[in-house]
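Summary of the model geometry
So you can see what is in the structure, the chains are spelled out below.
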Amino acid sequence: MNTLSSGLPLGNGAPAKKLSDVLRELDQGAGDRISLGDLITALGERSFVPLIILFSLPNVFFFVPGSSVITGLPLIFILCQLILGRPAVWLPKVLNERFIEHVTFTRIVIKAVPWIEWVERMARPRYWPFSRVVAERVVGLTSLVMAIFMFLPIPFANALPAVSVITLALGLGEHDGVWLAGGVVASLVSTVIVFAIFSAGTFAMLSFF
């Protein structure tokens, strides 16, 4: 079973849908808007990994203007739940009812699904030395730092942290140590770049005084 679709096996033992299939089904549905609640319902109870990926993707492809503001808060909220060890994602009503226009969601599906399908073929269990609890804490804490970077109004500093979060989530979802290691390296590079941009901006501001 491909755990990218839900992050963890479903409790009833039924095969979980692939993330790419879920996105296509939502895109083919009726309605002018798609809410976060619609996504969670479609993905099933244990949907940490696909939701983390979905909220990070817009920051990589830049197909939603100001996407870090739209996706940053829900992503941080979900990662905090992962760190705390919740078995399923829960969002308060104010976040659950947040939505995007269907036409925008279609653009996301067109651009993201081919990449997601490639990942679904490439990621697999290998080189995994961690317990589930340790892995969730490591991925959750590292991704939370990256999500905060994405949420901050720092120019040109969203894409690499988003890639880091996606790679970490893939490693966790598939128990793939190669993807996990790649996510850790990308997170370290992201941290250096973000601090360099922040330091340069601070120095530039101070130079005016």
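Small disclaimer: the values here were computed from a predicted structure and weren't measured. (Residues numbered from 1 in each chain as written. Predicted model: local features only at pLDDT ≥ 70, side-chain atom pairs only at ≥ 80, totals over all residues. Heavy atoms only, no water.)

Check the secondary structure of the protein and you find nine helices and two strands. When the helices and strands of the protein are read in sequence order from the N terminus, they spell out α-β-α-α-α-α-β-α-α-α-α. Sorting the 209 residues of the protein into buried and exposed places 47% on the buried side. Of the contacts formed within the protein by residues at least 6 apart in sequence, a portion of 73% connects residues at least 24 apart. With an accessible surface of roughly 10,700 Å², the protein has 70% of that area assigned to carbon and sulfur atoms. (Helix = DSSP H or I, 4+ residues; strand = E, 2+ residues; numbered from the N terminus. Buried < 20%, exposed > 50% of the residue type's maximum accessible area, 1.4 Å probe, protein only. Contact = heavy atoms within 4.5 Å. Areas by Shrake-Rupley, 256 points an atom, 1.4 Å probe, with all protein chains shown as cover.)

Another point: the layout of surface pockets. Considered as a void within the structure, the largest pocket measures approximately 250 Å³ in volume. Looking at the largest pocket, it is lined by 15 residues, and the ones nearest its centre are Leu 36, Leu 39, Phe 55, Thr 71 and Ile 100. Of all the secondary structure elements, the ones that give two or more residues to the lining of the largest pocket are β1 (33-35), α2 (36-43), α3 (48-61), α4 (67-84), β2 (99-101) and α6 (102-122). The element best represented in the lining of the largest pocket is α3, accounting for three residues. Estimated volume of the second largest pocket: approximately 190 Å³. Lining the second largest pocket are twelve residues, with Pro 153, Ile 154, Ile 197, Phe 198 and Thr 202 positioned closest to its centre. Broken down by element, the residue count for the lining of the second largest pocket peaks at seven residues, all from helix α9 (residues 177-206). Taken together, the residues of the lining of the second largest pocket sort by class into ten nonpolar, two polar and no charged. (1 Å grid on protein atoms, 1.4 Å probe; cavity = no way out; pocket = protein on both sides within 12 Å on 5 of 7 lines; lining within 4 Å. Points joined across faces, edges and corners; volume = space filled by probe spheres on them. Nonpolar A, V, L, I, M, F, W, Y, C, P; charged D, E, K, R; others polar.)

This brings us to the confidence of the model for the protein. Averaged over all residues, the pLDDT of the protein is 80; the fraction at 70 or higher stands at 85%. When the elements of the protein are averaged for pLDDT, α2 gives the smallest value, 79, and helix α7 (residues 132-151) the largest, 91. Here residues 5-15 scores under 50 on pLDDT; set against residues more than four positions off or in separate chains, the count is 27 contacts. (pLDDT = per-residue confidence, 0-100.)

Its identity is not glycine, yet Tyr 127 carries a phi of approximately 50°, on the positive side. Position of Tyr 127 among the secondary structure elements: in the loop between α6 and α7. Phi is positive for His 175, which is not a glycine, with a value near 55°. Relative to the assigned elements, His 175 resides in the loop between α8 (159-174) and α9. Taking the relative accessible area as the measure of exposure, His 175 reaches 35% and is therefore partly exposed.

Let's shift gears to helix α1 (residues 19-28). Within the span of α1, buried status applies to Leu 19, Ser 20, Val 22, Leu 23 and Leu 26. The buried residues of α1 occupy an angular sector of 160° when projected down its axis, which confines them to one face. (Arc of directions from axis to C-beta.)

A cluster of nonpolar residues, Leu 160, Val 163, Val 185, Val 189 and Ile 193, forms a patch on the protein surface that exposes about 350 Å² of accessible area. At the level of elements, α8 and α9 are the ones that each hand at least two residues to the nonpolar patch. With three residues, α9 is the largest single contributor of residues to the nonpolar patch. Topologically, Ile 193 is positioned in helix α9. Judged by its relative accessible area of 37%, Ile 193 falls in the partly exposed class. (Patch = residues over 30% accessible without salt bridge, like charges linked within 9 Å, V, L, I, M, F, W, Y side chains within 5 Å. Salt bridge = Lys/Arg side-chain N within 4 Å of Asp/Glu carboxyl O.)

Now for α2. Burial in α2 covers these residues: Leu 36, Gly 37, Leu 39, Ile 40 and Leu 43. Projected down its long axis, α2 carries its buried residues within an arc of 160°, all on one side.

Once that is clear, we can look at the packing of aromatic side chains. With the rule as written, the count across this model stands at four aromatic pairs. Aromatic side chains Trp 118 and Trp 179 sit 6.3 Å apart centroid to centroid with 65° between the ring planes, which places their arrangement in the edge-to-face category. Taken together, the positions of Trp 118 in helix α6 and Trp 179 in helix α9 put the pair 61 residues apart, joining distant regions of the chain. (Phe/Tyr/Trp six-rings, centres within 6.5 Å; stacked < 30°, edge-to-face > 60°.)

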